[in-house]
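# Summary of structural features
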Amino acid sequence: MIKFFLMVNKQGQTRLSKYYEHVEISKRTLLETEVIKSCLSRSSEQCSFVEYKDFKLIYRQYAALFIVVGVNDNENEMAVYEFIHNFVEVLDEYFSRVSELDIMFNLDKVHIILDEMLLNGCIVETNRARILAPLLLLDKMSES
């Protein structure tokens, strides 16, 4: 099961965070700082799977953005690794070449996409057309 989903830039600033298990607000900042530091300090030749405390971190870098997913020990690392790539492909399709600014200024839409893909920490949808359908419908309604 996925415990949390983070998007951070190379400077370590969190651009998106979503938690699927309760973590107190005061502890979230510390957790994010430690997780980001452990992922950003690794070289590109090192493995993208990191053992951290009582869970695993799976991360991928896309240009200046890192996507970090915390999972429990039972989760398949490669499935989550591919899920991250699928998420970025969906963002690319919707924003036509997604950037950090797209995420910052359209955070609500990014959350909708993530919510279509994940439910309570479980991957429920990977089909791009079905993921984007509700968002495209909202866009169509806002235009008229």
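What you see is a predicted model, and the numbers here were worked out from it, not measured in a lab.

## A closer look at the sheet that holds strand 4 (residues 55–62)
Pairing in this open sheet of 5 strands is antiparallel, and the strands run 2-1-5-4-3 from one edge to the other. Either end of the sheet is taken by a strand with one partner, and the two such strands are strand 2 (14–19) and strand 3 (49–52). Sheet twist, expressed as the average angle between the axes of neighbouring strands with direction ignored, equals 20°. Pairing geometry for strand 4 and strand 5 (residues 65–71), over 7 bridges, is antiparallel. Each bridged residue has a counterpart across the sheet, and for glutamine 61 the counterpart in strand 5 is phenylalanine 66.

## Regarding the packing of helix 2 (residues 77–95) against helix 4 (residues 107–117)
Two elements in contact, helix 2 and helix 4, have axes whose closest approach is 11 Å; the angle formed by their N-to-C orientations is 135°. In terms of orientation, helix 2 and helix 4 fall into the oblique class. When the axes of helix 2 and helix 4 are compared, the crossing they make is right-handed. Residues Phe83, Asn86, Phe87, Val90, Leu91, Tyr94 and Phe95 of helix 2 lie in contact with helix 4, whose contacting residues are Lys109, Val110, Ile113, Leu114 and Met117.

## Structural notes on the UniProt feature "domain: AP complex mu/sigma subunit" (unreviewed entry) in the protein chain
Per the UniProt entry, the sites bearing "domain: AP complex mu/sigma subunit" (unreviewed entry) are residues 1–141 in this numbering. Secondary structure over residues 1–141 splits into 47% helix and 26% strand, and the C-alpha atoms at its two ends are 34 Å apart.

The rules we used
- Residues numbered from 1 in each chain as written.
- Predicted model: local features only at pLDDT ≥ 70, side-chain atom pairs only at ≥ 80, totals over all residues.
- Heavy atoms only, no water.
- Pairing = 2+ DSSP bridges.
- Helix = DSSP H or I, 4+ residues; strand = E, 2+ residues; numbered from the N terminus.
- Axes fitted to C-alpha atoms, helices over the stretch in contact; angles between N-to-C directions.
- Parallel < 35°, antiparallel > 145°, perpendicular 65-115°, else oblique.
- Left-handed = near helix turned anticlockwise from the far one by under 90°.
- Contact = heavy atoms within 4.5 Å.
- UniProt positions renumbered as here; feature names shortened; annotations may be inferred.

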